[in-house]
Amino acid sequence: MASLIPQDFIDDLLDRVDIVDVVDGRVKLKRSGKNYSACCPFHEEKTPSFTVSPDKQFFYCFGCGASGNAVGFVMDYE
């Protein structure tokens, strides 16, 4: 079995990064109230249904249901 990354390390990493910076480096986000929005990078769409919440530090797509934190976004995107 491959060694897993300790959960404490992942939690510390998530405390140090801002999901808006992580996502905006890959998908151009636009301010939408207190959140940010964009067209989802995980499926084809014409109108933005992908949102990023800086307060809650997570992303969610109302179109395809993709969701998660900054680490999950990078894993799914890459």
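Located above this text is the structure these notes cover.
Bear in mind that the values here come from a model prediction, so they are computed numbers and not experimental data.

Let's talk about the pairing of strand β3 (residues 50-53)
Point 1. Strand direction decides the pairing type here: strand β2 (residues 35-38) and β3, joined by three bridges, are antiparallel. Along β3, the bridge assignment pairs S37 with T51.
Point 2. Bridge count between β3 and strand β4 (residues 58-61): four bridges; the pairing is antiparallel. Considered in β4, the bridge of S53 is made with F58.
Point 3. As consecutive antiparallel partners, β3 and β4 are separated by four residues, and within that stretch Q57 has a phi angle of approximately 55°, a positive value.

Re the nonpolar core
Point 1. Counting residues in hydrophobic clusters, the biggest one holds 16 residues, and the most contacted among them are I19, V23, L29, F50, V52, F59 and F73.
Point 2. It is helix α2 (residues 19-24) that contributes the most residues to this core, four residues altogether.
Point 3. Leave out the neighbours within four places in its chain, and V52 touches I19, V20, V23, L29, N35, Y36, F58 and F59.

Topic: the environment of K28
Point 1. Note on placement: K28 falls in the loop between α2 and β1 (30-32).
Point 2. A sequence separation of ten residues divides K28 from A38, and the C-alpha atoms of the two residues are 6.7 Å apart.
Point 3. Residue contacts for K28: discarding those within four places in its chain leaves S37 and A38.

Side note on unusual backbone geometry
Point 1. Phi at Q57 takes a positive value of approximately 55°, unusual for a residue other than glycine.
Point 2. For Q57, the location among the structural elements is in the loop between β3 and β4.
Point 3. On the basis of relative accessible area, Q57 is assigned to the partly exposed category, the value being 25%.

Here we look at helix α3 (residues 70-77)
Point 1. Residues of α3 that are buried: A70, G72 and F73. An end-on view of α3 places all buried positions within 160° of arc, on one side of the element.
Point 2. In this structure, the buried residues of α3 make contact with α1 (7-16), α2, β3 and β4.
Point 3. The N-cap residue of α3 is N69: its side-chain oxygen and the backbone nitrogen of V71 are 3.2 Å apart.

Things to note about the packing of aromatic side chains
Point 1. One pass over the structure, following the stated rule, counts eight aromatic pairs.
Point 2. Plain terms: the ring middles of F50 and F59 are 5.5 Å apart, the flat faces sit at 35° to each other, and that makes the pair tilted. Taken as a pair, F50 and F59 share a single burial class, namely buried.
Point 3. An aromatic cluster is built from F42, F50, F59, F73 and Y77, whose rings are joined through pairwise contacts.

Calculation rules
- Residues numbered from 1 in each chain as written.
- Predicted model: local features only at pLDDT ≥ 70, side-chain atom pairs only at ≥ 80, totals over all residues.
- Heavy atoms only, no water.
- Pairing = 2+ DSSP bridges.
- Helix = DSSP H or I, 4+ residues; strand = E, 2+ residues; numbered from the N terminus.
- Core = buried A, V, L, I, M, F, W, Y, C linked by side-chain atoms within 4.5 Å.
- Buried < 20%, exposed > 50% of the residue type's maximum accessible area, 1.4 Å probe, protein only.
- Contact = heavy atoms within 4.5 Å.
- Arc of directions from axis to C-beta.
- Polar contact = N/O pair within 3.5 Å; in protein donor to acceptor, adjacent residues only side chain to side chain.
- Phe/Tyr/Trp six-rings, centres within 6.5 Å; stacked < 30°, edge-to-face > 60°.

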